[in-house]
Amino acid sequence: AAVAGPAVSGAVRTSLPTIVMAVPKKRQSKMKTRQRKANWFAKARRQATLALSRGKSAKYDPLEDPKYSFDAVEDDDDEEDEDEE
């Protein structure tokens, strides 16, 4: 058992990759930080506008879709009632 211990620990050892993170060299100014934040919000605003316009261009009306139609559900119930009588 004493011989197996060191042999097993030597076989199990693996070198883990060192994780290196990006770290800024200098502090960023408030102007640059706020400019980046403003660009981020502007990009989100543009994406939202584009998504809305794409949705409108599809001309999709969920009320006209038979899957979401209220009349189709009522018709099915009426047919089942007729079968029972």
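Our structure is the block above this text.
Below: a short report on this structure. What you see is a predicted model, and the numbers here were worked out from it, not measured in a lab.

Before going further, it helps to spend a moment on the overall build of the protein chain. From N to C terminus, the protein chain includes three helices and zero strands. Secondary structure elements in the protein chain, listed N-terminal to C-terminal, are α-α-α. Split into buried and exposed, the 85 residues of the protein chain put 2% on the buried side. Per element, the accessible surface of the protein chain, about 9000 Å² overall, is 58% carbon and sulfur.

Moving on, we come to the packing of aromatic side chains. What the rule picks out here adds up to one aromatic pair. An angle of 80 degrees between the planes, with centres 5.2 Å apart, marks the rings of W40 and F41 as edge-to-face. By relative accessible area, which is 57% here, W40 ends up exposed.

Among the surface-exposed residues, R27, K30, R34 and K37 lie close enough to one another that they form a single positively charged patch. As for its position among the elements, K37 is in helix 2 (residues 30-57). The exposed category is assigned to K37, whose relative accessible area is 53%.

Moving on to helix 2. For helix 2, spanning 28 residues, the distance from its first C-alpha to its last is 40 Å, which sits close to the expected 40 Å at 1.5 Å a residue. Across the 28 residues that make up helix 2, only a small minority, one, are buried. K59 occupies a position one or two residues after helix 2 and carries a positive phi of about 50 degrees.

Attention now moves to a nonpolar patch on the surface. Together, I19, M21 and V23 make up a nonpolar patch on the protein surface, roughly 420 Å² of accessible area in all. You can see M21 is positioned in the loop between helix 1 (4-12) and helix 2.

Take the environment of T49 next. Here T49 is to be found in helix 2. Engagement of the side chain of T49 in a polar contact is seen with the backbone oxygen of R45, the distance being 2.9 Å.

About the cut-offs
- Residues numbered from 1 in each chain as written.
- Predicted model: local features only at pLDDT ≥ 70, side-chain atom pairs only at ≥ 80, totals over all residues.
- Heavy atoms only, no water.
- Helix = DSSP H or I, 4+ residues; strand = E, 2+ residues; numbered from the N terminus.
- Buried < 20%, exposed > 50% of the residue type's maximum accessible area, 1.4 Å probe, protein only.
- Areas by Shrake-Rupley, 256 points an atom, 1.4 Å probe, with all protein chains shown as cover.
- Phe/Tyr/Trp six-rings, centres within 6.5 Å; stacked < 30°, edge-to-face > 60°.
- Patch = residues over 30% accessible without salt bridge, like charges linked within 9 Å, V, L, I, M, F, W, Y side chains within 5 Å.
- Salt bridge = Lys/Arg side-chain N within 4 Å of Asp/Glu carboxyl O.
- Lys, Arg positive; Asp, Glu negative; His and termini not counted.
- Charge placed at Lys NZ, Arg CZ, Asp CG, Glu CD.
- Expected span 1.5 Å × (residues − 1).
- Polar contact = N/O pair within 3.5 Å; in protein donor to acceptor, adjacent residues only side chain to side chain.

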